[in-house]
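Structural characterization, general
So you can see what is in the structure, the chains are spelled out below.
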Amino acid sequence: GKSTEARESFRKAISLDKTRFPLWQQLMVLDEMLNDFTSLESDSRQAIELFPAEAYSYLFNASALYQKKDYKSAIETLIIGKDYVAGEKKLLAQFYSLLGDCYNSIKENKLSDENYEKALNIDTENANIMNNWAYYLSLRKEQLHKAEKMGRKANQIVQDNASYEDT
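Now for a quick tour of the structure.

**Description of the packing of aromatic side chains**
Counting across every chain of the model gives six aromatic pairs. Taking the centre distance of 5.8 Å and the plane angle of 15 degrees together, the rings of Tyr116 and Trp133 count as stacked. Residue Tyr116 is found in helix 7 (residues 109-122), and its partner Trp133 is found in helix 8 (residues 127-140); the two are separated by 17 residues along the sequence. According to the relative accessible area criterion, Tyr116 is buried, its value standing at 0%.

Below, the structure written as structure tokens:
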């Protein structure tokens, strides 16, 4: 329960040994938990430089860029990073889902829908992906039957979630 202190301990460990990716990964997890997207962007960029084949760093970097509303840079990072996902289907689904979010944010609706479709084809029971896509479709007043179906299914998978219920 002491995320700030834990993050400082991981920073100290990294200052002693920068060559261990699990330390970097935990640091990025803590940055995200603390909603410190400036640190997450910086730490993930350093991790990408040190470990260019580690997909998680790209996802964290894109997540930080997305939160900072730098959607085009997030898209570029995701496109590069998804090629490093090796066999982790749920991780690949996260890449496509965040691509869907980014494309939606820049009003590239067709690309947004294509990436959400890819994400759900990989992770068919992911309530978060269903909810986000349903929400965006409903805002655009497009494919409302599909949006309703996904929204219902998301609420069945994860019950009593106010965000899902709102969608």
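**Let's talk about unusual backbone geometry**
With phi around 55 degrees, Asn35 is a residue other than glycine that occupies positive phi space. Tracing the sequence through the fold places Asn35 in the loop between helix 2 (21-33) and helix 3 (37-50). You can call Asn35 exposed: its relative accessible area is 55%. Despite not being glycine, Lys69 has its phi angle at roughly 65 degrees, a positive value. Along the chain, Lys69 turns up in the loop between helix 4 (55-67) and helix 5 (71-81).

**Points about the side chain of Asn115**
Tracing the backbone through its elements, the reader meets Asn115 in helix 7. Residue contacts for Asn115: discarding those within four places in its chain leaves Tyr96, Leu99, Gly100 and Tyr103.

**Let's talk about helix 1 (residues 3-16)**
Taking 1.5 Å per residue as the helical rise, helix 1 with its 14 residues ought to reach 20 Å, and the 20 Å between its terminal C-alpha atoms agrees with that figure. Ser3, Arg7 and Ile14 are the residues of helix 1 that are buried. Considered in projection along helix 1, the buried side chains sweep an arc of 40 degrees and stay on one side of the axis. Residues Lys12, Ser15 and Leu16 are exposed on helix 1 and point more than 90 degrees away from its buried face. Turning to helix 1, the residues buried within the fold contact helix 2 and helix 3.

The rules behind each value
Residues numbered from 1 in each chain as written. Predicted model: local features only at pLDDT ≥ 70, side-chain atom pairs only at ≥ 80, totals over all residues. Heavy atoms only, no water. Phe/Tyr/Trp six-rings, centres within 6.5 Å; stacked < 30°, edge-to-face > 60°. Helix = DSSP H or I, 4+ residues; strand = E, 2+ residues; numbered from the N terminus. Buried < 20%, exposed > 50% of the residue type's maximum accessible area, 1.4 Å probe, protein only. Contact = heavy atoms within 4.5 Å. Expected span 1.5 Å × (residues − 1). Arc of directions from axis to C-beta.

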